[in-house]
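Residue-level listing of the chains:
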Amino acid sequence: MLKFAPLFLALVLAGCSTRLAQQLDDTPNAGPCPVAGSIHDAARYVKFQDGGGQLYSDIAYTGEITNVRLYCRYFKETPLEAEIEVEFAFGKGPAATANAHDYRYFVAVTRRNGKVLAKEYFNTRAEFERGLVTGTSELVNKIVIPRADESISGVNFEVIVGFELTPEQIEFNRSGSRFRLDAAK
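Calculation rules
Residues numbered from 1 in each chain as written. Predicted model: local features only at pLDDT ≥ 70, side-chain atom pairs only at ≥ 80, totals over all residues. Heavy atoms only, no water. Pairing = 2+ DSSP bridges. Helix = DSSP H or I, 4+ residues; strand = E, 2+ residues; numbered from the N terminus. Axes fitted to C-alpha atoms, helices over the stretch in contact; angles between N-to-C directions. pLDDT = per-residue confidence, 0-100. Contact = heavy atoms within 4.5 Å. Core = buried A, V, L, I, M, F, W, Y, C linked by side-chain atoms within 4.5 Å. Buried < 20%, exposed > 50% of the residue type's maximum accessible area, 1.4 Å probe, protein only.

## Details of the pairing of strand E6 (residues 116-127)
A regular strand carries its side chains on alternate faces of the sheet.
Move 1: Two elements, strand E5 (residues 100-111) and E6, share eleven bridges in a ladder whose sense is antiparallel. When the sheet's bridge partners are listed, Thr110 is paired in E6 with Val116.
Move 2: With antiparallel pairing between neighbouring strands as the criterion, E5 and E6 make up a hairpin whose turn holds four residues, including Gly114 at a positive phi of roughly 100°.

In C-alpha cells:
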C-alpha cells in the first residue's frame, strides 16, 4: 500500500489545483497594464561612511533595483488596480558597521508626461549574516491607478520605483560613478 502513496498524493494535489484554477478569474484584461520600471537616477544606492570620501574602502552599503514587474486588473469603470514586484540586490562594503541595513524606496504612479499622481514609501531590510551580498523581492499590493472612466487605458500611466536618496547620492548616480556589489571579489 505504501508504494502507491506517492501516486495517490499526486492525484489528490492535481485535483486541488484543478479546483483552484476553476475558482480563478481568467477573464482577459480590457487593456494593457501601465509601463513599470525603476527610475535611472534612483535605481542604485551607495552609502559611504560618514566623513569618508568616495573610495571603495569608504562604502558602507550598496543597493540596486534589479527588476520590476507589474500585474494589473481592469474592473469595468473602476480605477485600475495593480501590484508590483520589485527585486533588489544589496551589498555590504568594507566600511559597514552592522550585519543588517534598512533601505527606503518609493513606488509612484505617474502620467506618461511625468506628473506624479501618487507616491508611497516603503522599507526593506537586508540581512548580511551569510556574506557580503544578498537580495530580496518585495511585493506591493493595492496600487490604484486613477482612470477617469473605462475608456482610459493603462498605457496612459507609468509606475516607477526608486530608492529614497540624499542629494549627494543622486549626484553620485548622475556622475556615472559606480561600484559593483561584488567588487571586492
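## Considerations on the sheet that holds strand E1 (residues 35-38)
Move 1: With mixed pairing, the four strands of this open sheet are ordered in space as E1-E8-E5-E6. With partners counted over all chains shown, the strands left at the sheet margins are E1 and E6, one partner each. The average undirected angle you get between the axes of adjacent strands in this sheet is 20°.
Move 2: As paired strands, E1 and strand E8 (residues 157-163) are joined by four bridges and run parallel to one another. Each residue of the ladder has a partner; that of Gly37, found in E8, is Ile160.

## Looking at the confidence of the model for the protein
Move 1: Residues with a pLDDT of 70 or more make up 79% of the protein, whose mean pLDDT is 81.
Move 2: Overall, residues 4-18 carries pLDDT values under 50, and its contacts beyond four positions in sequence, including any with other chains, amount to zero contacts.
Move 3: Every residue in residues 181-185 scores below 50 in pLDDT, and together they form eight contacts with partners more than four places removed in sequence or on other chains.

## Focus: the sheet that holds strand E7 (residues 133-145)
Move 1: With antiparallel pairing, the four strands of this open sheet are ordered in space as E2-E3-E4-E7. The sheet terminates laterally at strand E2 (44-48) and E7, the two strands that pair on one side only. With strand direction ignored, the average angle separating the axes of adjacent strands in the sheet is 20°.
Move 2: Bridge count for E2 against strand E3 (residues 59-73) is five bridges, and the pairing is antiparallel. By the bridge assignment for E3, Tyr45 is matched with Gly63.

## Focus: the nonpolar core
Nonpolar side chains in soluble globular proteins tend to be buried together.
Move 1: Counting 33 residues, the largest nonpolar core has Ile84, Val107, Ile143 and Phe163 as its most contacted members.
Move 2: Apart from the residues lying within four places of it in its own chain, the contact partners of Ile143 are Leu80, Glu81, Ala82, Glu83, Ile84, Val107, Val109 and Val159.

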